[in-house]
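# Chain and residue survey
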Amino acid sequence: MRNPLASLTRRETVNVLRLEGVIGGAARFGATSLTDASLAPLIEAAFRRKPRAVAIAINSPGGSPAQSSLIAARIRRLADEKSVPVHAFVEDVAASGGYWLATAADRIHVDANSILGSIGVISASFGFQELLARHGIERRVHTAGEDKSLLDPFRPERAEDIERLERLQAQIHRNFIEQVRARRGDRLSGENLFTGDIWLGQAAVETGLADDIGHLVPVMRSLFGEKIRFRPISRGRPLLRRLGLPGIGEALGHVEERALWSRFGLGAP
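Keep in mind that what you see is a predicted model, and the values were worked out from it rather than measured.

Let us now look at the overall build of the protein. Secondary structure summary: the protein contains 11 helices and eight strands in total. Counting all 269 residues of the protein, 41% fall into the buried class. Counted over contacts in the protein with a minimum sequence separation of 6, partners at least 24 positions apart contribute 72%. Accessible surface computed for the protein: about 15,200 Å², of which carbon and sulfur atoms make up 53%.

What follows is the structure in structure tokens.
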């Protein structure tokens with residue numbers, strides 16, 4: 001026989017989902033990166049059994065635009081289907097793709113020292129063609145299709161390659177802007193919000209990128225009562241990480257991950 005109080009008990013719970021790290025493919029950034037495939041079971045669990053709300057703790061410098069879009073869309077789809085409010089709580093940083101994730105929430109709360117924004121697109125690489133020539137190294141590449149080796153770092157940049165890259169970046173930037181405008185709407189009041197600039201907590205609130213200064217536990221208790229229960233939704237750590245050893249993919253991706261965090265004066269967690 002179903003317990004008549006079960007539904008009431010479930011509604012007194014706030015499920016807490018932590019989104020921390022670089023957003024991108026696991027093979028690139030290691031097992032701790034955020035991808036739609038790896039987060040899908042956790043996001044589904046966060047909306048199960050009709051909680052009073054889902055609280056998302058975000059600490060991410062960004063990463064893949066496609067994965068950012070997929071993750072945010074999954075959160076929003078379930079929130080609408082289940083009629084569950086979503087609150088994002090930014091910790092150190094929600095920048096670039098990290099801010100894209102925050103826009104999935106109904107309200108965005110920040111610390112006074114949180115960094116938000118970086119609504120733009122960046123591509124960075126190196127050029128090694130002179131290094132090869134200096135050491136007498138001949139590189140042999142054979143392709144079918146003249147654009148197959150776009151932006152090859154071992155040959156001089158071509159104007160047509162740069163133009164093509166800029167077209168792709170411009171389209172992704174437009175998609176990002178549309179996401180922010182669709183989710184934040186009339187709350188946006190600042191100027192130059194889409195230049196790639198960043199804002200600290202109170203300034204982010206004043207521009208409409210965030211709603212208020214507030215931390216997860218006190219905000220949720222003020223909204224749903226002091227007796228509200230918090231249920232963390234988390235994934236287990238891989239065996240090598242539990243033993244204190246990084247996996248091969250994670251070790252290789254750590255340098256690039258640290259570079260993304262360092263753009264905001266932060267080290268990788």
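Still more ground to cover, so stick around.
Inspection of the secondary structure assignment puts Ala88 in strand 3 (residues 86-95). You can call Ala88 buried: its relative accessible area is 1%. Between the alpha carbons of Ala88 and Thr103 there is a distance of 8.1 Å; along the sequence they are 15 residues apart. If we ignore the near neighbours within four places in the chain, the residues touching Ala88 are Ile56, Ile58, Ala102, Ala105, Arg107, Ile108 and His109.

Most of strand 2 (residues 53-60) is tucked away: eight of the eight residues are buried. Burial of the side chains of strand 2 extends over both faces: Ala53, Ala55, Ala57 and Asn59 are buried on one face and Val54, Ile56, Ile58 and Ser60 on the other. Here strand 2 runs beside strand 3; their pairing, made up of six bridges, is parallel. Paired with Ala55 across the strands is His87, a residue of strand 3.

For the rest of this paragraph, the subject is the environment of Arg18. With respect to the secondary-structure elements, Arg18 resides in strand 1 (residues 13-20). A sequence separation of 215 residues divides Arg18 from Ile233, and the C-alpha atoms of the two residues are 7.5 Å apart. With near-sequence residues (within four places) excluded, Arg18 lies in contact with Ala57, Glu91 and Ile233.

We now examine the nonpolar core. Counting residues in hydrophobic clusters, the biggest one holds 44 residues, and the most contacted among them are Phe47, Ile75, Tyr99 and Ile108. Mapped onto this core, the elements with two or more residues apiece are strand 1, helix 3 (36-46), strand 2, helix 4 (65-82), strand 3, helix 5 (97-102), strand 4 (107-110) and helix 7 (159-184). Beyond its immediate chain neighbours, meaning those up to four positions away, Tyr99 contacts Ala94, Ile108, Leu116, Gly117, Ile119, Phe176, Val180, Arg184 and Leu209. In terms of nonpolar packing, the next biggest core, distinct from the first, is built from 11 residues, Val14, Ala53, Phe89 and Ile228 among them.

In this section: the pattern of salt bridges. Counted under the stated rule, the structure contains 11 salt bridges. Note that Arg76 and Asp106 form a salt bridge whose closest N and O atoms lie 3.3 Å from each other. Placement of the pair is Arg76 in helix 4 and Asp106 in the loop between helix 5 and strand 4, with a sequence separation of 30 residues. Taking relative accessible area as the criterion, Arg76 reaches 14% and is therefore assigned buried. Residue Asp212 is joined to Arg107 by a salt bridge in which the shortest nitrogen-to-oxygen separation is 3.2 Å. Of this pair, Asp212 sits in strand 7 (residues 212-213) while Arg107 sits in strand 4; the two residues are 105 residues apart in sequence, bridging distant segments of the chain. When salt bridges with common partners are traced through the structure, they connect Arg107, Arg184, Arg187, Asp211 and Asp212 into a single cluster.

As a further point, take the side chain of Asn15. Tracing the sequence through the fold places Asn15 in strand 1. Take Asn15: its relative accessible area is 1%, and that puts it in the buried class. Of the polar contacts made by the side chain of Asn15, one reaches the backbone oxygen of Ala46; its length is 2.7 Å. Look past the residues within four positions of Asn15 in its chain and what remains in contact with it is Ala45, Ala46, Phe47, Arg48, Pro51, Ala53, Val54, Ala55, Arg231 and Ile233.

Residues at a pLDDT of 70 or more form 65% of the protein, whose mean pLDDT is 80. In this model residues 27-31 is a low-confidence stretch, pLDDT under 50, and it forms 19 contacts with partners more than four residues away in sequence or in other chains.

Parameters at a glance
- Residues numbered from 1 in each chain as written.
- Predicted model: local features only at pLDDT ≥ 70, side-chain atom pairs only at ≥ 80, totals over all residues.
- Heavy atoms only, no water.
- Helix = DSSP H or I, 4+ residues; strand = E, 2+ residues; numbered from the N terminus.
- Buried < 20%, exposed > 50% of the residue type's maximum accessible area, 1.4 Å probe, protein only.
- Contact = heavy atoms within 4.5 Å.
- Areas by Shrake-Rupley, 256 points an atom, 1.4 Å probe, with all protein chains shown as cover.
- Pairing = 2+ DSSP bridges.
- Core = buried A, V, L, I, M, F, W, Y, C linked by side-chain atoms within 4.5 Å.
- Salt bridge = Lys/Arg side-chain N within 4 Å of Asp/Glu carboxyl O.
- Polar contact = N/O pair within 3.5 Å; in protein donor to acceptor, adjacent residues only side chain to side chain.
- pLDDT = per-residue confidence, 0-100.

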